[in-house]
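# Examining the three-dimensional arrangement
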Amino acid sequence: QVQLQESGGGLVQAGGSLRLSCAASGRTFSSYATGWFRQAPGTEREFVAAVGWIGSPYIADSLKGRFTISRDSGKKTVYLEINTLRPEDTAVYLCAARPLTYSSRQSEYPYWGQGTQVTVSS
């Protein structure tokens, strides 16, 4: 069993940066992959990035260059850094976990956090 808690969201101006955190509990988290998804009002949940249990990162093609994902296995925390924020990045950002390898499909993640709101003002 894995529990996830996101933090680090907030209201920022366009052009700014944020680092979101996903803190996990559970003894086996070191063998889990973690993904970040986001959902804006009235839209479907969108894959953002993921990192496998050995640390291999994967960023959605449309977001490469501004998003960085990393994990600190010792702290059981996965980070999502977002640079040069845009108003269209406004969404609830959720982290999710699944065993071993990452996936861009939300249906393949059994464990989810509650999400953290990111709002970007123009």
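Quick look at the structure, then.

Before going further, it helps to spend a moment on the state of the cysteines. For the structure on display, the rule yields one disulfide. One disulfide bridge connects Cys 22 with Cys 95, the sulfur atoms lying 2.1 Å from each other. Handedness of the Cys 22-Cys 95 disulfide follows from its S-S torsion of about 70°: it is right-handed. Here Cys 22, found in strand E3 (residues 18-25), pairs with Cys 95, found in strand E9 (residues 91-99); they are 73 residues apart in sequence, far enough to count as distant. Residue class for Cys 22 comes out buried when judged on its relative accessible area of 0%.

Bringing the packing of aromatic side chains into the picture now. Applying the stated criterion across every chain, the model contains seven aromatic pairs. Ring centres of Phe 37 and Phe 47 lie 5.5 Å apart, and the angle between their planes is 70°; on these two criteria the pair is classed as edge-to-face. In this pair, Phe 37 sits in strand E4 (residues 32-39) while Phe 47 sits in strand E5 (residues 46-51), placing the two residues 10 residues apart along the sequence. Like Phe 47, Phe 37 is buried. Seen in terms of ring centroids, Phe 37 and Tyr 109 are 5.4 Å apart; in terms of plane orientation they differ by 80°. Their pairing is edge-to-face. Separated by 72 residues along the polypeptide, Phe 37 in strand E4 and Tyr 109 in the loop between E9 and strand E10 (111-112) bring together distant segments of the chain. You'll find Phe 37 and Tyr 109 in the same group, each marked buried. Put simply, the rings of Phe 37, Phe 47, Tyr 58, Tyr 102, Tyr 109 and Trp 112 pair up and form one aromatic cluster. The aromatic ring of Tyr 79 is capped on one face by Arg 19, whose charged end is 4.1 Å from the ring centroid. Just above the ring of Trp 112 sits the side chain of Arg 45; from NZ or CZ to the centre is 4.8 Å.

Throughout the structure, instances matching the rule amount to six salt bridges. Ionic pairing is found between Arg 38 and Glu 46, a salt bridge with its closest N-O pair at 2.7 Å. Note on Arg 38: relative accessible area 9%, which makes it buried. For Glu 46, a relative accessible area of 30% translates into the label partly exposed. Taken together, the shared-partner salt bridges in this structure form one network comprising Arg 38, Glu 46, Arg 66 and Asp 89.

Each value, and the rule that gives it
- Residues numbered from 1 in each chain as written.
- Predicted model: local features only at pLDDT ≥ 70, side-chain atom pairs only at ≥ 80, totals over all residues.
- Heavy atoms only, no water.
- Disulfide = S-S within 2.5 Å.
- Helix = DSSP H or I, 4+ residues; strand = E, 2+ residues; numbered from the N terminus.
- Buried < 20%, exposed > 50% of the residue type's maximum accessible area, 1.4 Å probe, protein only.
- Phe/Tyr/Trp six-rings, centres within 6.5 Å; stacked < 30°, edge-to-face > 60°.
- Lys NZ or Arg CZ within 6 Å of the ring centre and 35° of its normal.
- Salt bridge = Lys/Arg side-chain N within 4 Å of Asp/Glu carboxyl O.

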